[in-house]
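Understanding the architecture of this molecule
Below are the chains, spelled out letter by letter.
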Amino acid sequence: MLPPAARDRLAAIAATLRAILTRNDPKHIAQRMALVAFAIRIISAAIAFVSQIILARLMGEFEYGIYVFVWVLVVLFGNLSCLGFHTAIIRFLPQYHAQDALPEIRGLTTTVRVFALVSSSVLAFLGIVGVWLFGDLIESYYLVPLYLGIFTLPMIALNDVMDGTSRAHSWAISALSPTYLVRPLLMLGLMVLAVFGGAEATAKTGMITAMAATYLTSITQFFILTWRLKRRYVAGPRRIEFGTWIKVALPIFLIEGFSFMLTNSDVVIVGFYLDPESVAIYFAAAKTIALVHFVSFSVKAAAGPRFSAAMANPDRQQLASIAIESAKWTFWPSLVVGGLVLACGNFLLSLFGPVFVAGWPLMAILYGGAMAKAFVGPAEAFLTMAGRQKLCVVLYALALLSNLALNVTLIPLFGLTGAAFATAGAMVVEAILLHLAVRRTFGFSLFALADPHASKIRAEVA
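From a predicted model like this one, the values you see are computed outputs, not experimental measurements.

1. Here we look at the pattern of salt bridges
- Scanning the entire structure with this criterion turns up four salt bridges.
- Close ionic contact of Lys-373 with Glu-430 constitutes a salt bridge, the shortest N to O distance being 3.0 Å. In this pair, Lys-373 sits in helix H13 (residues 360-375) while Glu-430 sits in helix H16 (residues 416-442), placing the two residues 57 residues apart along the sequence.
- Given the relative accessible area of 18%, Lys-373 is considered buried.
- One network of salt bridges, with partners in common, ties together Glu-104, Arg-239 and Glu-241.

2. Some points on the packing of aromatic side chains
- Inspection of every chain in the model, using the stated rule, returns 18 aromatic pairs.
- Ring centres of Tyr-64 and Phe-356 lie 6.4 Å apart, and the angle between their planes is 75°; on these two criteria the pair is classed as edge-to-face. Taken together, the residues Tyr-64 in helix H2 (residues 26-80) and Phe-356 in the loop between helix H12 (345-350) and H13 connect sequence positions 292 residues apart. Both residues of the pair, Tyr-64 and Phe-356, count as buried.
- Ring geometry for Phe-382 versus Phe-442: centroids 5.0 Å apart, planes at 80°, classification edge-to-face.

3. Details of a nonpolar patch on the surface
- A surface patch of nonpolar side chains, amounting to about 1,100 Å² of accessible area, comprises Val-114, Val-118, Val-122, Phe-125, Leu-126, Val-129, Trp-132, Leu-133, Phe-134 and Leu-137.
- Inspection of the secondary structure assignment puts Val-114 in helix H4 (residues 102-133).
- Val-114 sits in the partly exposed class, given a relative accessible area of 49%.

4. Focus: the nonpolar core
- Grouped together as the largest cluster of nonpolar side chains are 72 residues, with contacts concentrated most on Tyr-64, Tyr-67, Tyr-282, Ile-289, Phe-352 and Phe-356.
- When residues in this core are grouped by element, the largest group, 16 residues, is from H2.
- Not counting residues within four places of it along the chain, the set of residues in contact with Tyr-67 comprises Leu-55, Met-59, Met-187, Ala-203, Gly-206, Met-207 and Ala-210.
- If you look at the next biggest cluster of nonpolar residues, it comprises 63 residues, including Cys-82, Leu-108, Ile-252 and Val-438.

5. Brief notes about unusual backbone geometry
- Phi at Leu-83 takes a positive value of approximately 55°, unusual for a residue other than glycine.
- Positionally, Leu-83 belongs in the loop between H2 and helix H3 (85-99).
- The exposure class assigned to Leu-83 is partly exposed, which follows from its relative accessible area of 24%.

6. Comments concerning the environment of Leu-76
- Along the chain, Leu-76 turns up in helix H2.
- Taking the relative accessible area as the measure of exposure, Leu-76 reaches 7% and is therefore buried.
- Considering only alpha carbons, one finds Leu-76 and Met-261, 185 residues apart in sequence, at a separation of 7.3 Å.
- Excluding residues within four positions of it along the chain, Leu-76 makes contact with Phe-260 and Met-261.

7. Considering the side chain of Asp-266
- Topologically, Asp-266 is positioned in helix H8 (residues 242-273).
- Although Asp-266 lies buried, it forms no salt bridge, and the closest oppositely charged side chain, Lys-287, sits 7.3 Å away as judged by the N-O distance.
- When sequence neighbours within four positions are dropped, the list of residues in contact with Asp-266 reads Tyr-282, Asn-407 and Thr-423.

8. Describing H16
- Helix length check: H16, at 27 residues, gives a terminal C-alpha distance of 39 Å against a target of 39 Å (1.5 Å per residue), a fit within 8%.
- Downstream of H16 by a residue or two, Gly-443 has a phi angle that is positive, lying close to 85°.

9. Observations regarding the packing of H4 against helix H5 (residues 140-168)
- In the contact formed by H4 and H5, the axes pass within 9 Å of each other and the chain directions differ by 165°. In terms of orientation, H4 lies roughly antiparallel with respect to H5. For the crossing formed where H4 meets H5, the hand is right-handed.
- Tallied by class, the residues present in the contact of H4 with H5 amount to 19 nonpolar, five polar and one charged.

Calculation notes
- Residues numbered from 1 in each chain as written.
- Predicted model: local features only at pLDDT ≥ 70, side-chain atom pairs only at ≥ 80, totals over all residues.
- Heavy atoms only, no water.
- Salt bridge = Lys/Arg side-chain N within 4 Å of Asp/Glu carboxyl O.
- Helix = DSSP H or I, 4+ residues; strand = E, 2+ residues; numbered from the N terminus.
- Buried < 20%, exposed > 50% of the residue type's maximum accessible area, 1.4 Å probe, protein only.
- Phe/Tyr/Trp six-rings, centres within 6.5 Å; stacked < 30°, edge-to-face > 60°.
- Patch = residues over 30% accessible without salt bridge, like charges linked within 9 Å, V, L, I, M, F, W, Y side chains within 5 Å.
- Areas by Shrake-Rupley, 256 points an atom, 1.4 Å probe, with all protein chains shown as cover.
- Core = buried A, V, L, I, M, F, W, Y, C linked by side-chain atoms within 4.5 Å.
- Contact = heavy atoms within 4.5 Å.
- Lys, Arg positive; Asp, Glu negative; His and termini not counted.
- Expected span 1.5 Å × (residues − 1).
- Axes fitted to C-alpha atoms, helices over the stretch in contact; angles between N-to-C directions.
- Parallel < 35°, antiparallel > 145°, perpendicular 65-115°, else oblique.
- Left-handed = near helix turned anticlockwise from the far one by under 90°.
- Nonpolar A, V, L, I, M, F, W, Y, C, P; charged D, E, K, R; others polar.

Okay, structure coming up:
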């Protein structure tokens, strides 16, 4: 019943989807993982958005501002406490698979979990001591939520390394669903049950339910992942090459630490300079326009293992093709998604409460920065998997310094507008630095409109 052109087009799309869902070559596995990750992030974005609206309505601007400020700190330091092992495992496991190095695989998958628990527990202990010693310098309404958040750190870290382990095996659902589906649903469900059960709708109650949800999710994920690993790899000796792993993990820690701080420092600095109500408005605006970022996350989740596997291929030109293809996958969907979110911005913000509509101009500013970053795609993942961790450390240190300098300068002068311009400006700096780094190091231009065959990739890439 369809016109021939439309019928042919649909048939071509169906054939492409069938290939993505059924073929097991590296390209289609990566595309399948990206598709699954994209679907999970869409569902996750909807869950996160609805849950934040409900939490804001339940708590009010003041308590909600306290809650999001503390939760951002918890997620930030929980991620940092892994010291890069949650991404280093993605670098090493595909290579060990290619070499059939089972002792190294067993050693790595065990070590990352033990290391994450130990390092995060040490950080949590130091955090408790720090809050106890310097509690007089902290606003009283932050103290109890901070203590509760600190006790959550080990489970955040464990969750991150288990995500990395699953991503390294291309287990997209196992990697993403605990963090992006199960945990937020549990957090929301437990909070609603607590409030309807008679608990006060405060940041303290929110952090208690967040801690409970995080422990339940991480412990369950731990047992499931352990079972899957035992099924995949026969029992045998473990080989622990900790020195080799830590040499790669620490630069990744600096890279991703700087990157993670780039995306979260604005909320933290707003919390230092302004009142909780301002934190709430800024967070709502930032997280609403952050729906754009789930596109880049999805592509990065699939591109990392693909970059790593391509390093073993003598055809170095393939690296440029994969990198530019990933940039296209990132930029065009981000452009469409961001435009739609911005068009509906006033309505979306009004769902949090009438006062939150003031955050729409912040969304517009942040959208510009997000598109600058999307234009170069997962360039940092490409550089990392290509062995250029030290270069990435320098780039992200410069980007973070510009971010902090802009935030510290602009927030006192212009308030929330200054925070948005500072964050967008830092994203632009980050994108420019990544583009220049790839061009100077590998000899090709990495951005969404580039031609992968316009220049030859340099042979010394290793």
